[in-house]
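Listed below, chain by chain, are the residues.
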Amino acid sequence: MRKTLLLVFVVLLQATFACFGQQSDNSTPAVTNITGAGYPRILPDLRVTFRIKAPEAQKVQLDLGKKYDMEKGSDGFWTVTTAPQVPGFHYYSLVIDGVAVADPASETFFGMSREASGIEIPEAGVDFHLIKDVPHGTVQSKRYFSTKTNSWRRIFVYLPPGYEQNPTKKYPVLYLQHGAGEDETGWVKQGHLDIIMDNLIAQKQAIPMIVVTTNEYVIRDIGAGYNTESTNHFMDLFKDELVDVIIPFVNQNYRIANDREHRAIAGLSMGGGTSFRIGMLNPDKFAWVGAFSSSAFRGTNGNIFDAEKQIPGIFTHPEKFNTQLKLLYISSGEQDHSYEYTKKTIETFKEKGLKLQYNYFPGAHEWHVWRKALHDFVPKLFK
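Residues numbered from 1 in each chain as written. Predicted model: local features only at pLDDT ≥ 70, side-chain atom pairs only at ≥ 80, totals over all residues. Heavy atoms only, no water.

Some words on the domain arrangement of the protein chain
Here is step 1: Taken domain by domain, the protein chain consists of domain 1 (28-121) and domain 2 (138-380).
Here is step 2: If you average the C-alpha positions of domain 1 and of domain 2, the two centres end up 32 Å apart.
Here is step 3: Here domain 1 packs against domain 2, burying approximately 920 Å² in sum over the two surfaces, 48% of which is carbon and sulfur.
Here is step 4: Of all residues in domain 1, the largest losses of buried area upon contact with domain 2 belong to F89, F109 and F110, amounting jointly to 47% of the total for that side.
Here is step 5: Here domain 1 is connected to domain 2 by one salt bridge.
Here is step 6: R371 serves as the salt-bridge partner of E120, at 2.7 Å between the closest nitrogen and oxygen.
Here is step 7: Counting the contacts that link domain 1 with domain 2 gives eight residue pairs in polar contact (both at pLDDT 80 or more).
Here is step 8: Every element with two or more residues in the side of domain 1 that touches domain 2 is listed here: β8 (88-96) and β10 (108-111).
Here is step 9: At four residues, the largest contribution of residues to the side of domain 1 that touches domain 2 is made by β10.
Here is step 10: Tallied by class, the residues present in the side of domain 1 that touches domain 2 amount to six nonpolar, four polar and one charged. (Domains from an automatic or database assignment. Buried area = accessible area lost by both parts, 1.4 Å probe. Salt bridge = Lys/Arg side-chain N within 4 Å of Asp/Glu carboxyl O. Polar contact = N/O pair within 3.5 Å; in protein donor to acceptor, adjacent residues only side chain to side chain. Helix = DSSP H or I, 4+ residues; strand = E, 2+ residues; numbered from the N terminus. Nonpolar A, V, L, I, M, F, W, Y, C, P; charged D, E, K, R; others polar.)

What about the nonpolar core?
Here is step 1: Ranked by size, the top nonpolar core spans 42 residues in total, and within it Y175, I210, F276, I314, L328 and F349 carry the most contacts.
Here is step 2: Elements with a contribution of two residues or more to this core: β13 (151-159), β14 (173-177), β15 (210-213), α4 (229-253), α5 (270-281), β17 (288-292), β18 (327-333) and α8 (339-351).
Here is step 3: Ranked by residues supplied to this core, first place goes to α4 with seven residues.
Here is step 4: Every residue in contact with I210, bar those within four places of it in the chain, is listed here: V157, Y158, L159, P160, Y163, Y171, P172, V173, L174, Y254, R255 and I256.
Here is step 5: Formed by 38 residues, the second largest nonpolar core is a distinct cluster that contains M197, I201, M209 and F377. (Core = buried A, V, L, I, M, F, W, Y, C linked by side-chain atoms within 4.5 Å. Buried < 20%, exposed > 50% of the residue type's maximum accessible area, 1.4 Å probe, protein only. Contact = heavy atoms within 4.5 Å.)

Observations concerning unusual backbone geometry
Here is step 1: A cis geometry characterises the amide bond from Y39 onward to P40, with omega recorded as 0°.
Here is step 2: Checked against the element boundaries, P40 lands in the loop between β1 (28-29) and β2 (41-42).
Here is step 3: The phi torsion at N26 lies on the positive side, around 60°, for a residue other than glycine.
Here is step 4: Residue position: N26 is located in the loop between α1 (2-16) and β1.
Here is step 5: In this model, N150 sits at a positive phi of 55°, which is unusual for a non-glycine residue.

Some remarks on the sheet that holds strand β3 (residues 48-53)
Here is step 1: The sheet built from five strands is open, its strands ordered β1-β2-β3-β7-β6 with antiparallel pairing. Pairing within the sheet leaves two strands with one partner each, and these edge strands are β1 and β6 (71-72).
Here is step 2: Alignment of β1 against β2, held across two bridges, turns out to be antiparallel. Bridged to P29 within β2 is R41. (Pairing = 2+ DSSP bridges.)

Some remarks on the environment of I155
Here is step 1: Tracing the sequence through the fold places I155 in strand β13.
Here is step 2: Linking I155 and Q205, residues 50 residues apart in sequence, is a C-alpha distance of 26 Å.
Here is step 3: Leave out the neighbours within four places in its chain, and I155 touches Q140, S141, K142, Y144, V212, T213, T214, I246, F249 and V250.

Notes on the side chain of S93
Here is step 1: Assignment of secondary structure puts S93 in strand β8.
Here is step 2: Among the polar contacts made by the side chain of S93, one reaches the side chain of R114 at a distance of 2.6 Å.
Here is step 3: In contact with S93, not counting residues within four places along its chain, are Q61, L62, D63, A100, V101, M112 and R114.

Observations regarding α8
Here is step 1: Taking 1.5 Å per residue as the helical rise, α8 with its 13 residues ought to reach 18 Å, and the 18 Å between its terminal C-alpha atoms agrees with that figure.
Here is step 2: Every buried residue belonging to α8 is among Y339, T342, T345, I346, T348 and F349, and all of these are buried.
Here is step 3: Buried residues in α8 make contact with α5, α6 (307-310), β18 and β19 (357-361).
Here is step 4: Trailing α8 by a residue or two, G353 shows a phi angle of about 95°, which is positive. (Expected span 1.5 Å × (residues − 1).)

Things to note about the sheet that holds β18
Here is step 1: A sheet is described by the order of its strands in space; here eight strands give the open sequence β12-β13-β15-β14-β16-β17-β18-β19, paired in mixed fashion. Each edge of the sheet is formed by a strand with only one pairing partner; in this case those strands are β12 (138-146) and β19. If you compare each strand with its neighbour and ignore which way they point, the axes differ by 20° on average.
Here is step 2: Across three bridges, β13 lies against β15 in antiparallel orientation. Counted as the bridge partner of V157 is V212 from β15.
Here is step 3: The strands that helix α9 (residues 367-377) touches are β14, β16 (263-268), β17, β18 and β19; relative to β18, the one it contacts most, it runs at about 155°. (Axes fitted to C-alpha atoms, helices over the stretch in contact; angles between N-to-C directions.)

Thoughts on the pattern of salt bridges
Here is step 1: In this structure the tally under the stated criterion is 13 salt bridges.
Here is step 2: One salt bridge connects D240 with K239, and the closest N-O pair in it is separated by 3.1 Å.
Here is step 3: Using a relative accessible area of 25% as the deciding quantity, one classes D240 as partly exposed.
Here is step 4: On the accessibility criterion, K239 (22% relative accessible area) is partly exposed.

Encoded structure:
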């Protein structure tokens, strides 16, 4: 099997840079293809054609959330055209003789707890996450030593345009968390964090700020479900890492306005639940809290989220949270598996007198929704 897969990959790599003639179907290569790769190709109706050379393979499938059987041609190329795809970013894999592998013609991204291929399906009229001719900030990869994990770890730090030219100016900071199966690279690579920030700042919709993306996995076992003892323990361990290690490191290395009024926390999916828990339980550290598509609002075993149990006083003394928080923001995709739970949680918060802002976006549990959530959330901060 290993020898067969090695031969398959050699052929795949040889085919990656093959030249493709003019297409009669008006399809275009995906922007997530590596340089020179003609496939995958996106058709005008958002169907996608995938093509890969694997002459020795017995069966090849495309796994794009739904599995498609690919057809083999006499030239050794396997091809399939999908149904129209929902706009946004989607992970995918090729399944060659039962083994899921990344497509060598595509960029790879850390998601699904492994490196996977990704494809960007364009959405007509939506360009807030695309590069424009505006001043651009920088993203730095920074290593720090964690006394909590006794290991070297990494964060990414977005610095807004003009940071280097203003040596005395101090900036507010947003700490931004990834979802389950992803890491600190997610918001930069899949999320287009820096591009979204550049465009918002250039349009004067957001004030210049620093954004720090973190890795939540201080331990790998997060436990089963949400709002369980083991999962809360995982989130609280990350809180210790964030508050005791990451924030002091950022304060030491960057010009930060170091107080709660200039510090926000937010995240997507698992990171949304973590950010909600940390922010609500530590209002002395964070005045701005955002939770995007948080499955934590499903509660335990599919029940409605028991907010008073998880955040004592949130219903009995909502005025305390209303006074301490500058913003509590919650969002969800309208086709998300936790949409109804999130909607019910928001309605309950409002009934109990808790002040919050919220929004819903078309889409499921995926990056295009989270980009829109960030684009909606950031302009509300530090004002």
